[in-house]
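Notes for the structure review
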Amino acid sequence: MIVALLYLILAGAYLLVIPIAVLFYLKQRWYVASSIERLFMYFLVFFFFPGLLVLSPVVNLRPRPRQIEV
């Protein structure tokens, strides 16, 4: 029973918790990241791809509209 619970916790972390954290990180740093940090971002997307795929229908990554001053 403990092994099944451990698998459930790890699956939930891999498919939901960590990808949500990765998405918030990507949203904050995407336009200001250095080349090394961008490489790290690509690694995170590759590593947590199944979880990001699960969350993709509810995520909006479009940039914010520009503010044009008159």
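Since the structure is predicted, the reported quantities are computational estimates derived from the model, not experimental observations. (Residues numbered from 1 in each chain as written. Predicted model: local features only at pLDDT ≥ 70, side-chain atom pairs only at ≥ 80, totals over all residues. Heavy atoms only, no water.)

1. Quick word on the overall build of the chain
Selection rule: Under the scheme used here, helices are H or I runs from DSSP no shorter than 4 residues and strands are E runs no shorter than 2 residues, and both carry numbers assigned from the N terminus. The buried label goes to any residue with under 20% of its type's maximum accessible area, the exposed label to any with over 50%, and the partly exposed label to all in between, with areas taken from a 1.4 Å probe on protein chains only. Any two residues whose heavy atoms approach within 4.5 Å at even a single point are treated as in contact. Note on areas: Shrake-Rupley, 1.4 Å probe, and residue coverage restricted to the protein chains presented here.
Looking only at helices and strands, the chain has 3 helices and 0 strands in total. Counting from the amino terminus, the chain carries its helices and strands in the arrangement α-α-α. Referenced to the eigenvectors of the C-alpha coordinate spread, the extents of the chain come out at roughly 65 × 25 × 15 Å. Taken across its 70 residues, the chain has 17% of its residues classed as buried. Summarising the internal contacts of the chain: among those between residues at least 6 apart in sequence, 58% fall at separations of at least 24. Accessible surface, the chain as shown: approximately 6,300 Å² in total, 74% of it carbon and sulfur.

2. A closer look at the environment of Val 54
Looking at the secondary structure, you find Val 54 in helix α3 (residues 49-55). We classify Val 54 as partly exposed; its relative accessible area is 47%. Not counting chain neighbours up to four residues away, the residues in contact with Val 54 comprise Leu 15 and Leu 16.

3. Some words on the confidence of the model for the chain
Which entries qualify depends on this criterion: The pLDDT score gives, residue by residue, the confidence of the prediction method on a 0 to 100 scale.
Residues with a pLDDT of 70 or more make up 100% of the chain, whose mean pLDDT is 91. Mean pLDDT across the elements of the chain ranges from a minimum in α3, with 92, to a maximum in helix α2 (residues 35-47), with 94.

4. Section: the nonpolar core
Put simply, the rule reads: Among buried residues, those of type Ala, Val, Leu, Ile, Met, Phe, Trp, Tyr and Cys that are joined through side-chain atoms within 4.5 Å constitute a nonpolar core.
Ranked by size, the top nonpolar core spans 6 residues in total: Val 22, Leu 26, Ala 33, Met 41, Leu 44 and Phe 48. For this core, the secondary structure elements donating two or more residues are α1 (2-29) and α2. Filtering out sequence-adjacent residues up to four positions away, Val 22 remains in contact with Leu 44 and Phe 48.

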